[in-house]
Amino acid sequence: MGAGLTGAAAAWELAQHGFKVRVYEQADVVGGHVRTEWLRGIPYEPHGAHIFHTHDAEVWQLVSQLSDFVPYRHRVAIRIRSHELSWPLQRAELSQLDEWAEIQQELASLPPHPDSANFETYCRSLMGETLYGLCIRNYTRKQWGRDPETLSASVAANRVELRNDGYLDLFRDPYQGWPDRGYADLVEALLEPAEIQLGQQVTHEDIADLALPGEPVVITSALDDFFSLDLGPLDWRGVRLESQFISDAKLVQPAMVVNEPDVSVPWTRTIETKWALARLHDTKGTVVMREYPGAAAKHYPVPDTAGVNRALQTAYEAKLAAYSRNPLMPAGRLATYSYINMDQAVRQGLEAARHIVGAQSNLRDKA
Ligand SMILES: Cc1cc2nc3c(=O)[nH]c(=O)nc-3n(C[C@H](O)[C@H](O)[C@H](O)COP(=O)(O)OP(=O)(O)OC[C@H]3O[C@@H](n4cnc5c(N)ncnc54)[C@H](O)[C@@H]3O)c2cc1C
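This structure is a prediction, so every number in the text was calculated from the model and none was measured.

This part covers the overall build of the protein chain. The secondary structure content of the protein chain amounts to twelve helices and 17 strands. Taking 21 Å as the expected radius of gyration for a compact globule of 367 residues, we find that the protein chain reaches 22 Å, a close match to that expectation. Its C-alpha atoms give the protein chain principal-axis dimensions of roughly 75 × 50 × 35 Å. The buried share of the protein chain, taken over its 367 residues, is 50%. Pairs at least 24 residues apart make up 74% of the contacts formed inside the protein chain by residues separated by at least 6 positions. Carbon and sulfur atoms make up 50% of the accessible area of the protein chain, which amounts to about 17,000 Å² in all. Measuring between centres, the 35 positive side-chain charges of the protein chain sit 2 Å from its 48 negative side-chain charges.

In space, the three strands of this open sheet follow the order β4-β10-β5, with antiparallel pairing throughout. Of all strands in the sheet, those with a lone pairing partner are β4 (52-54) and β5 (69-71), marking the two edges. Taken over all neighbouring pairs, the strand axes of this sheet differ in orientation by 40° on average, direction set aside. Pairing of β4 with strand β10 (residues 175-179) involves three bridges; the strand directions are antiparallel. Note that in β10 the partner of H53 across the bridge is Q176.

Turning our attention to the site of the ligand. Looking at the ligand, there are 32 residues lining it, with T6, E25, H50, I340 and M342 nearest. Within the side chain of H50, an N or O atom sits 2.7 Å from an oxygen atom of the ligand. Contacts to the ligand include M342, whose backbone N or O atom sits 2.7 Å from an oxygen atom. Contact with the protein chains removes 96% of the 1,000 Å² of surface that the ligand exposes when unbound. Every element with two or more residues in the shell around the ligand is listed here: α1 (5-16), β16 (286-301), α11 (332-335) and α12 (342-366). Here the element with the most residues in the shell around the ligand is α11; it accounts for three residues. Residues of the shell around the ligand, tallied by class, amount to 14 nonpolar, 15 polar and three charged.

As enumerated under the stated definition, the model contains one cavity of 30 Å³ or more in all. There is about 30 Å³ of room inside the largest cavity. Lining the largest cavity, in full, are I51, F52, H53, N341, M342 and D343. Looking at the lining of the largest cavity, the elements that each hand over two or more residues are β4 and α12. Across the lining of the largest cavity, the residue classes break down as three nonpolar, two polar and one charged.

Moving on: the pairing of strand β7 (residues 83-87). Buried residues dominate β7, accounting for four of its five residues. Alignment of strand β6 (residues 76-80) against β7, held across five bridges, turns out to be antiparallel. Directly across from A77, in β7, lies its bridge partner S86. What sits between the antiparallel neighbours β6 and β7 is a turn of two residues, in which R81 has the positive phi angle 50°.

This brings us to the sheet that holds β7. Strands sit in the order β7-β6-β14-β15-β16-β13 across an open sheet of six strands; the sheet is mixed. Single-partner strands in this sheet number two, and they are β7 and β13 (236-246). Sheet twist, expressed as the average angle between the axes of neighbouring strands with direction ignored, equals 30°. Sheet analysis places strand β14 (residues 257-259) next to strand β15 (residues 269-271), joined by three bridges and oriented antiparallel. Residue pairing in the sheet places V258 in a bridge with T270 of β15. Contacting β6, β7, β13, β14, β15 and β16, helix α5 (residues 129-144) runs over the sheet at an angle of about 65° to β16.

Direction vectors running N to C along helix α3 (residues 100-108) and α5 enclose 120°, while the axes themselves pass 7 Å from each other. Comparing the axis directions of α3 and α5 gives the class oblique. In this structure, α3 contributes E102, I103, E106 and L107 to the contact, and α5 contributes E129, T130 and L131.

Criteria and cut-off values
- Residues numbered from 1 in each chain as written.
- Predicted model: local features only at pLDDT ≥ 70, side-chain atom pairs only at ≥ 80, totals over all residues.
- Heavy atoms only, no water.
- Helix = DSSP H or I, 4+ residues; strand = E, 2+ residues; numbered from the N terminus.
- Rg over C-alpha atoms; globule rule 2.2 N^0.38 Å.
- Buried < 20%, exposed > 50% of the residue type's maximum accessible area, 1.4 Å probe, protein only.
- Contact = heavy atoms within 4.5 Å.
- Areas by Shrake-Rupley, 256 points an atom, 1.4 Å probe, with all protein chains shown as cover.
- Lys, Arg positive; Asp, Glu negative; His and termini not counted.
- Charge placed at Lys NZ, Arg CZ, Asp CG, Glu CD.
- Pairing = 2+ DSSP bridges.
- Axes fitted to C-alpha atoms, helices over the stretch in contact; angles between N-to-C directions.
- Near = heavy atom within 4 Å.
- Polar contact = N/O pair within 3.5 Å; in protein donor to acceptor, adjacent residues only side chain to side chain.
- Nonpolar A, V, L, I, M, F, W, Y, C, P; charged D, E, K, R; others polar.
- 1 Å grid on protein atoms, 1.4 Å probe; cavity = no way out; pocket = protein on both sides within 12 Å on 5 of 7 lines; lining within 4 Å.
- Points joined across faces, edges and corners; volume = space filled by probe spheres on them.
- Parallel < 35°, antiparallel > 145°, perpendicular 65-115°, else oblique.

That is the geometry; function is a separate question.
Spelled out as structure tokens, the structure:
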């Protein structure tokens, strides 16, 4: 269920082992959250910027075998009044800010390890009150629509850093790139051996009609949707993107992504996907997207400090495990209620498929 990267990778791997695979997708297109569109030859991503980065050599080998990836090292800037600084922040650039004297004092008295009580304590103890106030507090309120102290420190652990090494790329993974023909090329290649049914939403009530008893089903939808909200809805935060084509410029931003922590700016960041393809940098025309928070879409699971959302997800997982007619395997960002990158989505799809392959060969051995 689901033709995003997780479902597509599972389909690919199952087909490599001789399985006949059917994929049911509720949307009218494949790709899920990963989607590239082109306007006058310029790429943009209406669901948000996607950069492929991984240390998983097998996943990188698979995706770059199926689609031509070009080298791209991702950079992000943050706008603080008239300054465009690197993100993650670099200590050497902070002296540009009017608040440099306070910042310096605060940096000199930070604790040896960040305080992981919640998102806010983590960030304040990592960079001091002034930088936190300038760069993070309002951005986080905009992005999550809630006070930062109600978010778990785990949200910050992967996203917030203060660097002092002059390394300006966002990611440190050995394999990084962008698919030269966009992400549909990759997803379609993974799905090449499968039958695909578009426009079909599947819930637990449909399984008996779609699968024979015992047939394994990989579930990549959210489990609250799958169980028709039986135990109540899971909490998600979504974003909405507005794209603008600018015809008389080649590139308009200093980097693909510019974060906007200023509370008077209603969007959280702007994205210029064209940065990913160096071959287009001299072409006129570019697309800039503004990302607005608070859309009714399932993009980010909300890791609340109290753990309420995780407990509901665990209850849904127990319901899934108790379903006896078919083995139901949750995989991917929606079904596991977790923020995962694309490489992890592909990895989870491969592992779900391998689990099925292993279970079938055990059955054959016993017979
Ligand atoms: C704003 C944003 C930016 C991101 N940027 C990056 C990045 O730069 N780099 C990176 O590596 N990762 C990034 N990610 C993460 C990346 O989007 C995910 O890892 C990836 O999309 C997960 O794929 P998936 O198949 O698990 O989920 P999805 O892409 O959501 O696919 C699930 C599919 O299942 C379908 N479906 C759902 N319910 C049903 C149902 N009941 N019946 C049938 N079909 C159903 C959906 O329509 C969808 O097509 C980003 C995520 C967000 C939110």
